[in-house]
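Each chain, written out:
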Amino acid sequence: MAPLPPHEITLRFLAAPTDANSSGKVHGGAVMKWIDEAGYACASGWSASYCVTVYVGGIRFYKPILIGQVVEVHAQLIHTGTTSMHIAVNVCSRDPKASEMTHTTHCVIVFVAVDKDGQKLPTLHWEPQTEQDRLLQQYALRLMALRKTIDDEMKPFLTGM
Ligand SMILES: CC(C)(COP(=O)(O)OP(=O)(O)OC[C@H]1O[C@@H](n2cnc3c(N)ncnc32)[C@H](O)[C@@H]1OP(=O)(O)O)[C@@H](O)C(=O)NCCC(=O)NCCS
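An account of the accompanying structure is given in this report. A quick note: this is a predicted structure, and the numbers were derived from the prediction, not measured.

## Things to note about the overall build of the protein chain
When you go through the protein chain residue by residue, the secondary structure sums to 2 helices and 5 strands. Reading the protein chain from its N end, one meets helices and strands in the order β-α-β-β-β-β-α. At 17 Å, the protein chain has a C-alpha radius of gyration in line with the 15 Å of a compact globule built from 161 residues. Within the protein chain, buried positions represent 36% of all 161 residues. Considering only intrachain contacts with a sequence separation of at least 6, the fraction spanning at least 24 residues in the protein chain is 70%. Of the roughly 9,600 Å² that the protein chain leaves accessible, carbon and sulfur atoms contribute 59%.

And the structure:
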């Protein structure tokens, strides 16, 4: 049997001055871009296809990231549906001279693989392997149920905007 594609990826780099505001703290938008990039790399690696972001929500910025810090953006597939890939992304940072990482941001982002016409493609099924995987999959399923409520709440405001 062919080995499964990778279901996780970590991007590592230094936070640059162009990522930050005048007080030396990285913009939330820059962090969101890194989250999307890591999620994209994870989803594309798993599906071996071009992917698009379908849902980003519940991003929590716990701590600031400073210019010059080492940033790690870890993206991990935690659930697959028929076409959706649910990916947990955690961002950590540290002073390059220190060893301890600080957890700065967390979210779950949903991607779908699409063909050249932008039509969704079925995704390769992901099966949890460890107890931690199973807990993360249950977490993804609970978030999905909560999002249904949020989507219903938002529906009346989606037209005419
Ligand atoms: C991707 C796209 C082709 C999917 O078509 P669609 O008609 O919306 O398809 P669906 O409604 O079936 O949604 C696709 C998947 O996303 C899931 N999804 C939809 N809304 C969701 C939400 N709020 N939260 C989590 N998952 C959601 C669906 O459950 C479905 O997954 P499943 O097949 O595993 O059940 C279309 O939504 C699209 O082109 N969106 C724009 C993508 C984009 O431009 N992204 C930004 C730049 S990359």
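On we go from here.
## Quick notes on the site of the ligand
For the ligand, the set of nearby residues contains 14 residues, the closest of which are T53, T82, T83, S84 and K120. T83 places a side-chain nitrogen or oxygen 2.6 Å from an oxygen atom of the ligand. One nitrogen or oxygen atom from the side chain of K120 is found 2.6 Å from an oxygen atom belonging to the ligand. Elements with a minimum of two residues in the shell around the ligand: β2 (51-61), β5 (102-113) and α2 (131-154). Partitioned by chemical class, the residues of the shell around the ligand number 5 nonpolar, 6 polar and 3 charged.

## Considering the sheet that holds β2
In space, the 5 strands of this open sheet follow the order β1-β3-β4-β5-β2, with antiparallel pairing throughout. Of all the strands in the sheet, the pair left with one neighbour each is β1 (8-14) and β2. Strand-to-strand twist in this sheet, taken as the mean axis angle between neighbours without regard to direction, amounts to 20 degrees. Looking at chain direction, strand β4 (residues 84-94) and β5 are connected through 10 bridges and run antiparallel. By the bridge assignment, S93 is partnered in β5 with T102. Helix α1 (residues 28-47) rests against β1, β2, β3 (70-80), β4 and β5 of the sheet, and its axis sits at about 45 degrees to β3. Contacts from α2 reach β2, β3, β4 and β5 within the one sheet, and its direction differs from that of β3 by about 80 degrees.

## Brief notes about the nonpolar core
In terms of nonpolar packing, the biggest core is built from 25 residues, with W34, I65, I87 and V89 touching the most fellow members. Residue assignment for this core shows that the elements contributing at least two residues are α1, β3, β4 and β5. Of all hydrophobic cores here, the second largest spans 5 residues; its members include I78, V108, L136 and A140.

## With respect to the side chain of H79
When you line up the elements, H79 lands in strand β3. By relative accessible area, which is 10% here, H79 ends up buried. Here Q137 takes part through its side chain, which lies 3.3 Å from a polar atom of the side chain of H79. Residues within four places of H79 in sequence aside, it is in contact with S84, M85, H86, W126, Q137, A140, L141 and M144.

## Let's talk about a nonpolar patch on the surface
A surface patch of nonpolar side chains, amounting to about 290 Å² of accessible area, comprises I150, M154 and L158. What makes I150 partly exposed here is its relative accessible area of 41%.

## Brief notes about α2
In this model α2 runs 35 Å from its N-terminal to its C-terminal C-alpha over 24 residues, within 8% of the 34 Å that 1.5 Å per residue would give. Restricting attention to buried positions, one finds in α2 the residues D133, L136, Q137, A140 and R147. Looking at the buried residues of α2, the elements they touch are β2, β3, β4 and β5.

Calculation rules
Residues numbered from 1 in each chain as written. Predicted model: local features only at pLDDT ≥ 70, side-chain atom pairs only at ≥ 80, totals over all residues. Heavy atoms only, no water. Helix = DSSP H or I, 4+ residues; strand = E, 2+ residues; numbered from the N terminus. Rg over C-alpha atoms; globule rule 2.2 N^0.38 Å. Buried < 20%, exposed > 50% of the residue type's maximum accessible area, 1.4 Å probe, protein only. Contact = heavy atoms within 4.5 Å. Areas by Shrake-Rupley, 256 points an atom, 1.4 Å probe, with all protein chains shown as cover. Near = heavy atom within 4 Å. Polar contact = N/O pair within 3.5 Å; in protein donor to acceptor, adjacent residues only side chain to side chain. Nonpolar A, V, L, I, M, F, W, Y, C, P; charged D, E, K, R; others polar. Pairing = 2+ DSSP bridges. Axes fitted to C-alpha atoms, helices over the stretch in contact; angles between N-to-C directions. Core = buried A, V, L, I, M, F, W, Y, C linked by side-chain atoms within 4.5 Å. Patch = residues over 30% accessible without salt bridge, like charges linked within 9 Å, V, L, I, M, F, W, Y side chains within 5 Å. Salt bridge = Lys/Arg side-chain N within 4 Å of Asp/Glu carboxyl O. Expected span 1.5 Å × (residues − 1).

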